[in-house]
Amino acid sequence: MHRYETVLKSNDAFKKHVSWFSSSSDSKLPDIALYEYQGTYTINSNNKVRTHPNIIRQVQTEFTDKKPKEIFLQLNQDNSMTAPHDTKQIKNAKYRQKKTNKSSSSNNITDEILEVLSMLNDHPFVQQVIHKKGQVPSILCYTEQQMTDFKMFLARSDGAVGVDRTFNLGNFFVTALVYKHHRVIKKDTKDHPIFIGPMLLHKDASYKTYFSFFSHLASEFKINSLELRIPEELVFGSDDEKGDDQCNQRCIPISN
């Protein structure tokens, strides 16, 4: 039998005794230890023991599905000697973590905006970044070849342009213009394939956002400094998205 004794660092009148067997005919005894405490364990304003950082980190992992009181009771049940002193300590840890996460998230958004702005000069697909006060930036994307093909299609007297906003491409919406490319024919179906034209990555579906999108397109519909007049027969189809319906009617030039 072995016995170990130690005292509390901040109060040597409080002692802990540990007894255990190193060998025994009973195979279960070596796995059992007896803890005995002698004295009165007290904590006051002048004698506080700092909670170990590992305990604070453990507390932070419990915030998502437990309340501070539940965490406090659970940790005290597991080991009252190392548990936080009260629920206020847990609430303070939660506040600090939330503040840190918010600051980190803000920095990430700022970095992403700066990265997108830098892509205006470096990436051939990014043509314009629409950044207004109080709104997440919208990004207008297309390549020069896409715009050339789209202009050729618009110059025809027949056809339809589809305008659709997606809902399943991450945190942003994607509003894309689609059309059938009349200069290309698929071998298997003998039909014209559907091509993607200019597209807008945006966070909201407001009238102002769509107006900026279609205004940019209208300004691009010029060939050799002459405005491209779109035939009246050309149809713009959407899924009744109110904002883009109003904007493409006002922004896209239609011939008379």
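Worth saying up front: this structure is predicted, and the values here are computed from it rather than measured.

Parameters and conventions
- Residues numbered from 1 in each chain as written.
- Predicted model: local features only at pLDDT ≥ 70, side-chain atom pairs only at ≥ 80, totals over all residues.
- Heavy atoms only, no water.
- 1 Å grid on protein atoms, 1.4 Å probe; cavity = no way out; pocket = protein on both sides within 12 Å on 5 of 7 lines; lining within 4 Å.
- Points joined across faces, edges and corners; volume = space filled by probe spheres on them.
- Helix = DSSP H or I, 4+ residues; strand = E, 2+ residues; numbered from the N terminus.
- Nonpolar A, V, L, I, M, F, W, Y, C, P; charged D, E, K, R; others polar.
- Phe/Tyr/Trp six-rings, centres within 6.5 Å; stacked < 30°, edge-to-face > 60°.
- Buried < 20%, exposed > 50% of the residue type's maximum accessible area, 1.4 Å probe, protein only.
- Lys NZ or Arg CZ within 6 Å of the ring centre and 35° of its normal.
- Salt bridge = Lys/Arg side-chain N within 4 Å of Asp/Glu carboxyl O.
- Core = buried A, V, L, I, M, F, W, Y, C linked by side-chain atoms within 4.5 Å.
- Contact = heavy atoms within 4.5 Å.
- Polar contact = N/O pair within 3.5 Å; in protein donor to acceptor, adjacent residues only side chain to side chain.

Caption draft 1: Just the layout of surface pockets, in detail. Volume-wise, the second largest pocket comes out at about 350 Å³. Lining the second largest pocket, in full, are Ile109, Glu112, Ile113, Val116, Val129, Gln135, Val136, Pro137, Ile139, Asn171, Phe172 and Lys203. At four residues, the largest contribution of residues to the lining of the second largest pocket is made by helix H3 (residues 87-122). Classifying every residue of the lining of the second largest pocket by side-chain character gives eight nonpolar, two polar and two charged.

Caption draft 2: The arrangement of the packing of aromatic side chains in detail. Taken as a whole and judged by the stated rule, the model has six aromatic pairs. Residues phenylalanine 213 and phenylalanine 214 carry aromatic rings whose centres are separated by 5.1 Å and whose planes lie at 50° to one another, so their mutual orientation is tilted. Neither residue differs from the other here; phenylalanine 213 and phenylalanine 214 are each classed as buried. Counting every residue linked through ring pairs, the aromatic cluster contains Phe150, Phe153, Tyr179 and Phe195. Between the NZ or CZ atom of arginine 165 and the centre of the ring of phenylalanine 173, over which it lies, the distance is 4.3 Å.

Caption draft 3: View of the environment of aspartate 31. Of note, aspartate 31 is situated in the loop between strand E2 (11-20) and strand E3 (33-38). Note: C-alpha distance between aspartate 31 and tryptophan 20 (11 residues apart in sequence) is 8.2 Å.

Caption draft 4: Broad picture of the pattern of salt bridges. Counted by the stated rule, this structure contains two salt bridges. Between arginine 3 and glutamate 36 there is a salt bridge whose closest N-O contact spans 3.4 Å. With arginine 3 in strand E1 (residues 2-8) and glutamate 36 in strand E3, this residue pair connects regions lying 33 residues apart in the sequence. The class for arginine 3 is exposed, based on a relative accessible area of 52%. Here lysine 180 ties to aspartate 191 by a salt bridge, and the two come within 3.0 Å at their closest N and O atoms. Of this pair, lysine 180 sits in strand E7 (residues 173-180) while aspartate 191 is found in the loop between E7 and strand E8 (194-202), placing the two residues 11 residues apart along the sequence. The class of lysine 180 is partly exposed, set by a relative accessible area of 35%.

Caption draft 5: Representation of the nonpolar core. Ranked by internal contacts, the top residues of the largest apolar core, which has 17 residues, are Phe150, Leu177, Phe213, Phe214 and Leu217. Counting residues per element, the ones that place at least two in this core are helix H4 (144-154), strand E6 (160-165), E7 and helix H5 (207-220). Once residues lying within four places of it in the same chain are set aside, the contact partners of leucine 217 are Met147, Leu177 and Pro198. Counting 10 residues, the second-largest nonpolar core is a separate cluster that includes Ile56, Val59, Phe72 and Ala93.

Caption draft 6: Representation of the side chain of histidine 17. When you line up the elements, histidine 17 lands in strand E2. At a separation of 3.2 Å, a polar atom in the side chain of histidine 17 contacts the side chain of glutamine 38. With near-sequence residues (within four places) excluded, histidine 17 lies in contact with Arg3, Tyr4, Glu5, Leu34, Tyr35, Glu36 and Gln38.

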